[in-house]
Amino acid sequence: NLKYAYADAQAAMLIDSLQPTVLLAWGDVNYLSNKTRVSKNAWEKCIAIDKKSVDCRLKLAELYNVVQEFEKSQKLVDQVIAIDKNQPVAYYIKGINLRDMRGDTAGALQYFQKAIDLDNNYMAALDMMGVLLAAKKDPLALSYFNRILEIEPNHYPTYYNLGMFYLKTEDWNNA
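Here goes a summary of the coordinates provided. All of these numbers come straight from a predicted model, not from anything done at the bench.

Re the pattern of salt bridges
Think of it this way: side chains of opposite charge can pair up when their charged atoms draw near.
And then number 1: Counted by the stated rule, this structure contains six salt bridges.
And then number 2: Note that D78 and K94 form a salt bridge whose closest N and O atoms lie 2.4 Å from each other. In this pair, D78 sits in helix 5 (residues 70–83) while K94 sits in helix 6 (residues 88–102), placing the two residues 16 residues apart along the sequence.
And then number 3: The partly exposed category is assigned to D78, whose relative accessible area is 35%.
And then number 4: Using a relative accessible area of 12% as the deciding quantity, one classes K94 as buried.

So, the nonpolar core
And then number 1: Counting residues in hydrophobic clusters, the biggest one holds 50 residues, and the most contacted among them are L60, Y92, F112 and M129.
And then number 2: Not counting chain neighbours up to four residues away, the residues in contact with M129 comprise L109, F112, Q113, I116 and Y144.

Some details on the environment of L60
And then number 1: Within the secondary structure, L60 is located in helix 4 (residues 54–66).
And then number 2: Judged by its relative accessible area of 3%, L60 falls in the buried class.
And then number 3: It is 9.6 Å that separates the C-alpha atoms of L60 and I47, two residues lying 13 residues apart in sequence.
And then number 4: Other than its neighbours up to four places away in sequence, L60 contacts K40, W43, E44, I47 and L76.

A closer look at the state of the cysteines
And then number 1: Scanning the entire structure with this criterion turns up one disulfide.
And then number 2: Between C46 and C56 runs a disulfide, and the two sulfur atoms are separated by 2.1 Å. Around the S-S axis, the bridge from C46 to C56 shows a dihedral of about 85 degrees and counts as right-handed. One end of the pair, C46, is in helix 3 (residues 36–49); the other, C56, is in helix 4, with 10 residues separating them in the sequence.
And then number 3: Exposure remark for C46: the relative accessible area of 1% places this residue in the buried category.

Quick look at the environment of E69
And then number 1: Looking at the element boundaries, E69 is found in the loop between helix 4 and helix 5.
And then number 2: Of the polar contacts made by the side chain of E69, one reaches the side chain of K72; its length is 2.9 Å.

Conventions and cut-offs
- Residues numbered from 1 in each chain as written.
- Predicted model: local features only at pLDDT ≥ 70, side-chain atom pairs only at ≥ 80, totals over all residues.
- Heavy atoms only, no water.
- Salt bridge = Lys/Arg side-chain N within 4 Å of Asp/Glu carboxyl O.
- Helix = DSSP H or I, 4+ residues; strand = E, 2+ residues; numbered from the N terminus.
- Buried < 20%, exposed > 50% of the residue type's maximum accessible area, 1.4 Å probe, protein only.
- Core = buried A, V, L, I, M, F, W, Y, C linked by side-chain atoms within 4.5 Å.
- Contact = heavy atoms within 4.5 Å.
- Disulfide = S-S within 2.5 Å.
- Polar contact = N/O pair within 3.5 Å; in protein donor to acceptor, adjacent residues only side chain to side chain.

Below is the structure:
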């Protein structure tokens, strides 16, 4: 419930507005409320206070990606990887940035795969790999879609993606 989450985060800010976990939550609820400037400021403050903050950097990198400031997003994910090279979200965002900034889907695939290697259940990365490979009519896409269905058997967008893959490859019966 966003209304209650906002009230809780606001109360926490009144108690200790310099606590990195409070700033992370404050940024989150404002981001979900489409108050991205407040989110940005909270996460920047969090990073200034906690020089090793991975979570605030990832949130800020995601925000910069959404507003298409890819270089800023890329700088933050590179910082996260320097702090902890085992952060799947950092590699995922790095792949998204590469795809959107340079149109380099082939290069982006390696980062999505790295995210999956670090977290076999990373649904967004599995989906992205499946969709990008399906667009190239690569049958390897099926293994990513099937992995998603192993994790969540009723994931209807994946059934749609499977159908579209089969349609593109003219496999009418499976489509």
